[in-house]
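These are the residues of each chain, in order.
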Amino acid sequence: MKVVVIGGTGLIGSKLVNKLREHGHEALPAAPNTGVNTLTGEGLAEVLTGASVVVDVSNSPSWEDSAVLNFFETSTRNLLSYEDAAAVGHHVALSVVGTDRLSESGYFRAKIAQEKLIKESSIPYTIVQATQFFEFLKGLADISMVGDKVHLPPVLFQPMSADDVASAVGRIAVEAPINGTVEIGGPEQFRVDELVRRRLAALKDFREVIADPNARYSGAKLSEKTLIPGNNARLGETRFETWLTQPAAQAQKAA
Ligand SMILES: NC(=O)c1ccc[n+]([C@@H]2O[C@H](COP(=O)([O-])OP(=O)(O)OC[C@H]3O[C@@H](n4cnc5c(N)ncnc54)[C@H](OP(=O)(O)O)[C@@H]3O)[C@@H](O)[C@H]2O)c1
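Residues numbered from 1 in each chain as written. Predicted model: local features only at pLDDT ≥ 70, side-chain atom pairs only at ≥ 80, totals over all residues. Heavy atoms only, no water.

Asks: Could you give me a rundown of the pairing of strand β7 (residues 149-152), with the residues and numbers involved?
Replies: Looking at chain direction, strand β6 (residues 145-146) and β7 are connected through two bridges and run antiparallel. Considered in β7, the bridge of Val 146 is made with Lys 149. Connecting β6 to the antiparallel partner β7 that follows it, the hairpin turn spans two residues, and Gly 147 within it adopts a positive phi of roughly 65°. Judged from the three bridges that link them, β7 and strand β11 (residues 209-211) form a sheet pairing that is parallel. Of the residues in β11, the one forming a bridge with His 151 is Ile 210. (Pairing = 2+ DSSP bridges. Helix = DSSP H or I, 4+ residues; strand = E, 2+ residues; numbered from the N terminus.)

Shown next, in the form of structure tokens:
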């Protein structure tokens, strides 16, 4: 099966391309540095020729409110229109668990807009909503600074490894479209502040993490279960302590 992976050079995309190829599929990474730009349409007609499935795991280079909205709206509109012309049979997009509950955040308003365009299009689709990646825990600290301290709400979350995200998206990409949403998550629940504190300790990053019920996540106020997937979520296998011992976590440490 020919599968085009938009954002196929990124964290999830590069893992996904490898996994699809291991399963015998023709997986093509598509990103600006492979000559495909979803904002301008450059290279899209060529790369989509003969494709059965398009998986969109791209992300906006800027998370500023209007830039990120423009990225997901323009790129999704372009993709869906070129997919229609190429008779692509399945559009798969990676989104985030709880997106519809996070509209106070500019980033999540952009993901809501992306999902809406997909749902309203004529292309059969599956939206995969994943929980936060373990690889994102340090980034979460970086976007949650107040002065020199990390402020995070002590609410529940259920993050997962990027490897497990890529495996799940790869399986879903070669299944039939469900014209709906599948949730995926990690095998364990934590408190956000607790796990970020553990991640920073493992990185020997000595920033203090404050449990602050009023702290926002990407601009949005969270309640106890905002970030938690429902009972039907497919769960990855990798536990946090196991992931910490893996090369991906160690490489982040070196970086
Ligand atoms: N972080 C989390 O915890 C989390 C949780 C759930 C879901 N997600 C979702 O997962 C998705 C992927 O995240 P990620 O961390 O794997 O992203 P990433 O590593 O930042 O990769 C983004 C990819 O998008 C490509 N891209 C950027 N602009 C493009 C354009 N104009 N045309 C085509 N491709 C373009 C990039 O190519 P270049 O490198 O060449 O620019 C790169 O391949 C996002 O949609 C995000 O919302 C994230």
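Asks: Go over the nonpolar core with me, naming the residues and quoting the values.
Replies: Among soluble globular proteins, nonpolar side chains are generally buried collectively. Residues Phe 157, Val 192, Val 196 and Phe 240 are the most contacted members of the largest nonpolar core, which totals 32 residues. For this core, the elements supplying multiple residues, two or more each, are α3 (65-85), α4 (106-120), α5 (137-142), β7, α7 (192-202) and α8 (240-244). Leaving out residues up to four positions away in the same chain, Val 196 has contacts with Leu 137, Leu 140, Ala 141, Leu 152 and Val 209. Listed in part, the 25 residues of the second largest apolar core include Leu 20, Val 55, Ala 168 and Ile 172. (Core = buried A, V, L, I, M, F, W, Y, C linked by side-chain atoms within 4.5 Å. Buried < 20%, exposed > 50% of the residue type's maximum accessible area, 1.4 Å probe, protein only. Contact = heavy atoms within 4.5 Å.)

Asks: A description of the pattern of salt bridges should follow, citing residues and the corresponding values.
Replies: A full pass over the atoms with the stated rule returns 16 salt bridges. Arg 109 is the partner of Asp 65 in a salt bridge, and the nearest nitrogen-oxygen pair spans 3.4 Å. Residue Asp 65 is located in helix α3, and its partner Arg 109 is located in helix α4; the two are separated by 44 residues in the primary sequence. A relative accessible area of 41% places Asp 65 in the partly exposed class. (Salt bridge = Lys/Arg side-chain N within 4 Å of Asp/Glu carboxyl O.)

Asks: Tell me about α3, and please be specific about residues and values.
Replies: Along its 21 residues, α3 runs 31 Å from first to last C-alpha, staying within 8% of the 30 Å computed at 1.5 Å per residue. Of all the positions in α3, only Val 68, Phe 71, Phe 72, Ser 75, Thr 76, Leu 79, Leu 80 and Glu 83 are classed as buried. One side of α3 carries all its buried residues, which in axial view fall inside an arc of 130°. Where α3 is buried, its residues touch β1 (2-6), α2 (44-48), β3 (53-56), β4 (90-96) and α4. Remark: Ala 87 follows α3 within two positions and exhibits a positive phi of approximately 55°. (Expected span 1.5 Å × (residues − 1). Arc of directions from axis to C-beta.)

Asks: If you had to explain the site of the ligand to someone new, which residues and values would you point to?
Replies: Near the ligand you find 26 residues, and of these Thr 9, Leu 11, Asn 37, Ser 58 and Tyr 107 are the closest. The contact in question runs from an oxygen atom of the ligand to an N or O atom on the backbone of Gly 7, over 3.3 Å. The side chain of Asn 37 places a nitrogen or oxygen atom 2.9 Å from a nitrogen atom of the ligand. At the level of elements, α1 (11-22), β4 and α4 are the ones that each hand at least two residues to the shell around the ligand. (Near = heavy atom within 4 Å. Polar contact = N/O pair within 3.5 Å; in protein donor to acceptor, adjacent residues only side chain to side chain.)

Asks: Residue-level account of the side chain of Glu 115, with values.
Replies: Relative to the helices and strands, Glu 115 resides in helix α4. Relative accessible area serves as the criterion here: at 7%, Glu 115 is assigned to the buried category. Once residues lying within four places of it in the same chain are set aside, the contact partners of Glu 115 are Ser 95, Thr 99, Ile 127 and Gln 129.

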